[in-house]
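# A look at the structure
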Amino acid sequence: MVDSISTLGVQLAATKSLSTGTTLLSTLSEQLSTGIYSSNMADYSAANAQKLMNFTSDIGQQNGFLTVIDTISTRLSVYDSALEGVEDIAADSYSSILSASTYNTETNETTKTLIEEYMSQVEYYLNQTVGERYLFSGSRYETAPVGDILSLPSPPTETDPYLATGDTVPAYDTDYDPLDPTATIPEANVKESATIDTTKTLTYGVTSNEEGFQQLIMGLRFAYAATNDEANYDTYMTTARDLISDGLANIRATHTKVTNATSSLENTQTNIEAKIESLDTQIDNIEAVDVNEVAVKITVLQAQLQASYSAVSSLINLSILDYM
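On to the overall build of the chain. Of regular secondary structure, the chain possesses six helices and four strands. Reading the helices (α) and strands (β) of the chain from amino to carboxyl end gives α-α-α-β-β-β-β-α-α-α. Taking all 324 residues of the chain together, 38% fall into the buried category. For the chain, contacts bridging at least 24 residues in sequence account for 74% of all contacts bridging at least 6. Surface exposure of the chain reaches about 17,500 Å², of which carbon and sulfur atoms provide 51%.

Turning our eyes to something else, we now look at the packing of helix H4 (residues 211–227) against helix H5 (residues 233–287). It is the contact of H4 with H5, at a shortest axis distance of 7 Å, that shows an interaxial angle of 160°. Put simply, H4 runs roughly antiparallel to H5. The chirality of how H4 crosses H5 is left-handed.

Counted according to the given criterion, the structure contains five aromatic pairs. Judged by centre distance (5.3 Å) and plane angle (85°), the ring pair of Tyr-103 and Tyr-233 falls under edge-to-face. Linking Tyr-103 in the loop between helix H2 (46–99) and helix H3 (105–126) with Tyr-233 in helix H5, this pair joins segments that are 130 residues apart in sequence. Put simply, the rings of Tyr-79, Phe-136 and Phe-213 pair up and form one aromatic cluster. The residue whose ring lies beneath Arg-133 is Tyr-141, and the NZ or CZ to ring-centre distance is 3.8 Å.

A word on the side chain of Ser-96. Along the polypeptide, Ser-96 turns up in helix H2. One polar contact links Ser-96 to Tyr-118, side chain to side chain, over a distance of 2.9 Å. The contact partners of Ser-96, leaving out residues within four places of it in the chain, are Leu-114 and Tyr-118.

Time to look at the packing of H2 against H5. For the pair H2 and H5, interaxial distance at closest approach is 7 Å and the crossing angle is 160°. The angle between H2 and H5 falls in the class roughly antiparallel. H2 and H5 meet at a crossing whose hand is left-handed. Considered class by class, the residues forming the contact of H2 with H5 number 29 nonpolar, 13 polar and 11 charged.

A separate point is the pairing of strand S3 (residues 193–197). Alignment of S3 against strand S4 (residues 200–203), held across four bridges, turns out to be antiparallel. Residue pairing in the sheet places Asp-197 in a bridge with Lys-200 of S4. The hairpin formed by S3 and S4 contains two residues between the paired strands.

Summarising the element assignment, His-255 is placed in helix H5. His-255 sits in the buried class, given a relative accessible area of 9%. Residues His-255 and Ala-82 lie 173 residues apart in sequence; the distance between their C-alpha atoms is 9.5 Å. Other than its neighbours up to four places away in sequence, His-255 contacts Asp-80, Leu-83, Glu-84 and Glu-87.

Calculation criteria
- Residues numbered from 1 in each chain as written.
- Predicted model: local features only at pLDDT ≥ 70, side-chain atom pairs only at ≥ 80, totals over all residues.
- Heavy atoms only, no water.
- Helix = DSSP H or I, 4+ residues; strand = E, 2+ residues; numbered from the N terminus.
- Buried < 20%, exposed > 50% of the residue type's maximum accessible area, 1.4 Å probe, protein only.
- Contact = heavy atoms within 4.5 Å.
- Areas by Shrake-Rupley, 256 points an atom, 1.4 Å probe, with all protein chains shown as cover.
- Axes fitted to C-alpha atoms, helices over the stretch in contact; angles between N-to-C directions.
- Parallel < 35°, antiparallel > 145°, perpendicular 65-115°, else oblique.
- Left-handed = near helix turned anticlockwise from the far one by under 90°.
- Phe/Tyr/Trp six-rings, centres within 6.5 Å; stacked < 30°, edge-to-face > 60°.
- Lys NZ or Arg CZ within 6 Å of the ring centre and 35° of its normal.
- Polar contact = N/O pair within 3.5 Å; in protein donor to acceptor, adjacent residues only side chain to side chain.
- Nonpolar A, V, L, I, M, F, W, Y, C, P; charged D, E, K, R; others polar.
- Pairing = 2+ DSSP bridges.

The following block contains the structure:
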């Protein structure tokens, strides 16, 4: 009986060893397939577990910034294209006015048609959207900021503000009220901004009421008025030329701001991607295992388990032979 109990004890110990070895083999197999120590934080030391949680949280935050940057990058790209288009219109219209500085019956209709096209094109560019969001509308995201420029009084009337300032809006603005031209529309002049890093906020928005746009549009309106008024042709065209020249300079300055914002955005994106790479490296330093070493451990453990299985099998057979 003592021999039986002794054999049973050895059998139980061997069985327990098999169970432990099997669990360890499962853990090592998972490490070999994933390349990491464990997906369970409980398997790490308290210090390393805290570091992993902190690093993972930081990566999530940085990826959030990258999402914001991606959205802003798309908008800046449209701003860039639209401003290039408006600059071309300003330059072309200035050249057209220079070549038509005096009234000419034969060419006046052609000049008038050109100016109408310029007005339509400016309206088109300033009503650009990304998705369903109007880019030049301030915070009036669902409102096209620029109305029908060609329908405005020609020449501009005294109640038509020459250049809107503060929170007022020019006559071409959708929310302009001719009965109350000094009414303020703060949302029309909001410049978009966003936090693109833990310590950085980028102001990148451009509104349809920028001074350069106002000067260009007012210049086109005076040029258009000139084509309809031979008596005041020279005066209106001179005013138009000066306004468009100043407008072009200011539009270029606005474009430079957009270019600088794009550069700042790209630099921030590069820095964030470097941060994420560094955080990933630090996580790897904690989580990563040497798969070659793990493979060797698995081979050794499999041999040990095979021997243990053989030993347990022998003990079971011995018990059956002795105590049937």
